[in-house]
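An overview of the molecular structure
Below, each chain spelled out in residue letters.
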Amino acid sequence: MTELKTALHNMFRMMALSVVSLVLSGCDGGLCLFGDGSSCFSAGSQKERLGYHAEAADYFGKGCALGDSPSCNRAGEIWTEGVVPANYYKAVEMFQAGCKKGFSDSCRRLGLIYREQFGDHQKSLRMIHQACRMNNQDACNDLGLVLREGFVMPPDDATAMDIFAHGCHGDNASSCFFLAGMLEERRMSDKAFVLYHKSCTLKHGSGCNRVGEIMVKNGESPTEAGEFFRKSCDLDFANGCFNLAELFFHGMENQKFREAVVLYSRACRLKHGHSCHILGEIMGNESYYAGDNVNMMHNMELSSLYLQKSCELKDGDGCNDMGTLYYSGERLAVNRKEARRFFWLACNYGNADGCVRLGHIYQDGIDVSPDGLSAEKYYLMACDRDNGEGCFRLASIYMKSSDETNENRTEEAYRYAQQSCSLDFAEGCRAVGEIFDRGIGRELDVVLADKYYDVACRMNDGASCFYLGVAYYSGRGVPQDYDISREYVMKSCEMGYAQGCTGAGIIYLNGKNVEVDEALAIKYLTLGCSLKDGDACYNIGVMYERGNGVPQDTETSKRFYGAGCDLGNTEACFAYDDLSSREPPADKGNMSEKEDEPAASDEGVKENTSAALEKVSGGKTENAAETGAERENVRAEDDKEKDADAEQKDKVTVSSSPFIPGNVNEVSGGTNDDDYIAGGSVPEKEKKVKKSGSGKKTAAGRKNVHKRKS
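All residue numbers refer to position in the chain's written sequence, counted from 1. Local features in a predicted model are, by the rule used here, given only for residues with pLDDT of at least 70; side-chain atom pairs are given and counted only at 80 or more, and totals for whole chains, interfaces and linings are based on all residues. By convention in this description, side-chain values take in all heavy atoms of the structure and omit both hydrogens and water.

**Section: the nonpolar core**
The tendency in soluble globular proteins is for nonpolar side chains to be buried as a group. Applicable threshold: Side-chain atoms within 4.5 Å are what join buried Ala, Val, Leu, Ile, Met, Phe, Trp, Tyr and Cys residues into a set we call a nonpolar core. Residue exposure (1.4 Å probe, protein chains only): buried if accessible area is under 20% of the type maximum, exposed if over 50%, otherwise partly exposed. Only runs of H or I of at least four residues qualify as helices and only runs of E of at least two qualify as strands under DSSP, and these elements are numbered from the N terminus.
V432 and I540 are the most contacted members of the largest nonpolar core, which totals 81 residues. By residue number, the principal contributor to this core is helix α26 (residues 462-474), which donates 8 residues. In terms of nonpolar packing, the next biggest core, distinct from the first, is built from 72 residues, A97, M127, C168 and I278 among them.

**Examining the pattern of salt bridges**
Cut-off, in case you're wondering: Salt bridges are defined by distance alone: a side-chain nitrogen of Lys or Arg within 4 Å of a carboxyl oxygen of Asp or Glu.
Applying the stated criterion to the full structure yields 28 salt bridges. Here E185 makes a salt bridge to R148, at a shortest N to O gap of 2.7 Å. Remark: R148 occurs in helix α8 (residues 137-149) and E185 occurs in helix α10 (residues 173-185); sequence separation between them is 37 residues. We classify R148 as partly exposed; its relative accessible area is 26%.

**Things to note about the packing of aromatic side chains**
A ring pair, where both rings are aromatic, is described by two values, the distance of the centres and the angle of the planes. Rules: Two rings belonging to Phe, Tyr or Trp (six-membered ring only in the last case) form a pair when the distance between their centres is within 6.5 Å. Interplanar angles under 30 degrees mark stacking, angles over 60 mark edge-to-face geometry, and anything in between is tilted. Sitting over a ring, as applied to charges here, requires NZ of Lys or CZ of Arg to be within 6 Å of the ring centre and within 35 degrees of the ring normal.
Summed over all chains, the structure comprises 22 aromatic pairs. Ring geometry for F164 versus F178: centroids 5.4 Å apart, planes at 40°, classification tilted. With a gap of 14 residues between them, F164 in helix α9 (residues 157-169) and F178 in helix α10 connect regions that are remote in the sequence. Arranged with centres 5.7 Å apart and planes meeting at 35°, the rings of Y538 and Y561 form a pair that is tilted. Of this pair, Y538 sits in helix α30 (residues 534-546) while Y561 sits in helix α31 (residues 554-566), and the two are 23 residues apart along the sequence. Across the pair, exposure class does not vary: Y538 and Y561 are buried alike. Here the guanidinium or amino end of K62 rests over the ring plane of Y59, the centre of that ring lying 5.5 Å away.

**Side note on the state of the cysteines**
Disulfides are covalent bonds that connect the sulfur atoms of two cysteines. Let me state the cut-off plainly: In this description, a disulfide is simply a cysteine sulfur pair whose atoms lie within 2.5 Å.
Tallied over the full model, the rule gives 15 disulfides. Put simply, C99 and C107 are joined by a disulfide, and their sulfur atoms are 2.0 Å apart. The S-S bond linking C99 to C107 shows a torsion near 100°; that makes this disulfide right-handed. Exposure class is identical for C99 and C107. Each is buried.

**Some remarks on helix α15 (residues 257-269)**
A turn of α-helix holds 3.6 residues, and therefore any two residues three or four places apart point the same way. Applicable threshold: In this scheme, a helix's expected span is set at 1.5 Å multiplied by one less than its residue total.
The end-to-end C-alpha distance of α15, which contains 13 residues, comes to 19 Å, matching closely the 18 Å that a straight helix rising 1.5 Å per residue would cover. The set of residues buried in α15 consists of F257, A260, V261, L263, Y264, S265, A267 and C268. The first or second residue beyond α15 is K271, which carries a positive phi of 70°.

**Notes on the packing of helix α11 (residues 189-201) against helix α12 (residues 205-217)**
Applicable threshold: Each axis is a line fitted through C-alpha atoms, and for a helix only the stretch in contact is used; angles between axes span 0 to 180 degrees, taken between their N-to-C directions. Roughly parallel here means an angle under 35 degrees, roughly antiparallel means over 145, roughly perpendicular means 65 to 115, and every remaining angle is called oblique. Crossing handedness is defined as follows: a turn of the near helix away from the far one that is anticlockwise and smaller than a right angle gives a left-handed crossing, while the clockwise case is right-handed. Working rule for contacts: check all heavy atoms of both residues, and any pair within 4.5 Å makes them a contact.
The geometry of α11 relative to α12 is characterised by a closest axis approach of 7 Å and an angle of 140° between their N-to-C directions. Taken together, the axes of α11 and α12 are oblique relative to one another. For the pair α11 and α12, the sense of crossing is left-handed. Contacts between α11 and α12 involve F193, Y196, H197, S199 and C200 from the former and G207, C208, R210, V211, I214 and M215 from the latter.

**Focus on helix α24 (residues 426-438)**
Taking 1.5 Å per residue as the helical rise, α24 with its 13 residues ought to reach 18 Å, and the 18 Å between its terminal C-alpha atoms agrees with that figure. Looking at α24, one finds that the buried residues are A426, G428, C429, R430, A431, V432, G433, E434, I435, F436 and D437. Buried residues along α24 sit against α22 (388-401), α23 (407-422), α25 (446-458) and α26. With its phi angle positive at about 65°, G439 sits one or two positions after the end of α24.

**A look at the confidence of the model for the protein**
We apply this condition: Confidence scores per residue from the predictor, reported as pLDDT, run from 0 to 100.
Residues of the protein with pLDDT of at least 70 account for 74%, and the chain-wide mean is 79. Scored below 50 in pLDDT, residues 588-612 makes 61 contacts in the model with residues more than four places away or belonging to other chains.

**Concerning the environment of I113**
With respect to the helices and strands, I113 occurs in helix α6 (residues 104-116). Take I113: its relative accessible area is 6%, and that puts it in the buried class. Note: C-alpha distance between I113 and A91 (22 residues apart in sequence) is 8.7 Å. Other than its neighbours up to four places away in sequence, I113 contacts T80, Y88, A91, V92, F95 and F118.

Okay, here's the thing in structure tokens:
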């Protein structure tokens, strides 16, 4: 009895499943089981509408086996569309069966697979040509494109245009669009516009979009152009949605921010990578608003997702932004390996900034072994894409490695610096100036150098403005003018150039054509120190040690000396060690020898500080030997003045100012004429200070420092 119940239960279960199957696939599903190919096609279509793509493919495959050519074609399409795991061999099998049964679209699609998936252009051309002979106009269009591109045979534009003209005459929208493109290439703009318009009328999304683009280019009404973009978007052409969004976002007659965001979203869903990137930028800002001040909520997580999607859609800007996020750790955890991967993708997708950042990584060895050749390669890729920074970085590499025996490197340095400057990259113009300033592969020409510095300064390059300030201060290549010098130096500080702020502090200690103002001097020197200029930190330390313009404070002085030392200022390191080694005075009668030592006169200090900016210029004066001799005489005179002016208050003097191209290894370490004064240097002919950060405290050097300050 139990066995009978079980058998009846299984029978009813099978009947129920059959009923459900028939309901889902209709009667056609049942007829398909009995060998009706067209019923298999209908049943497969029902399954496809319900989202059962794998089962639909099975039904279409059965219909194909039963001789139904549309079933063969649809089965092949499913295997290539991505709704099920792609299987191009299965697709070829289906399309071959459909083509043999006379279904022209199967022949065409078979040709496309041969070309795009297997790289067999001969078979591809044969199948597309066969489909065209079967009056498949889409296949004829494909044939016309093959003839234009010359994949298998020499390009034949005349035959291609005849094919497109024939198709367009038969109201094939794609034919009209392709023919219009060929006419536009031949500058037959009016005829091309008519054909683009016809293709739009025949509901070709690309045609509508192109009509809108031409109207915008010709300065016609954005509103009218927007109507064509909207038609294109309604036909699911992503570029049409994007272009309409751009009109709204950047303000047609009235900016419509929300509508723009909706259109960017639609374009992104239609796999327009740059639209996804723009959405990522919008979501990543704390507030975006349109003319009506409607705020847009930001969402950092959603922003990152949009940027990642844009990168997946091969938008180089999105990949570059993702690399930046991983590199900086702004929203995502720092991951330099991922950053490098995204920069690599950005570079390969045509984003020049990604190439530059890759160059930085390899040049500086950031989480990779330093690789100068790879750095040059990526900088060159950026430069070839008209990226001014890429050209400048190449020029910098060649400038550093150039010498008199390597003319090729110097020529390359000049060429890339000029190219960078022509691309309106300020540092590139500055590099050209440095080449003439230092005579790298060119005649030394400070006048021409200053002209390039002026161009770069006008582009808001702080270093170039500072260089001009130095030039006007010393009269190097331009008439000496302290007022103009001050303007340029102050401008460089306003641009955030650290050494410009240090120079401004020097100017207010100097008092050339400006009233001496120690308060302003300490302000600008403090700003220079905060911008990581070691010379500024050192001089503030001196001012606090001596109480010049600020309360005397040894601890604060020591802190600034330490900061200057950390930033590579050798004198700051010596001064820090000197302060650390001395015991604080117990009383006035036990004052250090430093306080009993005669101080420089105010006039002497002014003269010393006025030399500071001149020394910044890198010792470019032609009579360097005479200048050294004059300084020796000044030192002798100052020694005599010390005894007479011993009771005067110590005044701060200024250390070496920053590197100016032209004589990098001959910049003096100080600006004093008195060896014992804080910040003073030994005579220029006896001492050449290394570049910042390269100085080492030797026993002899330490002894000299203690002698100077004891």
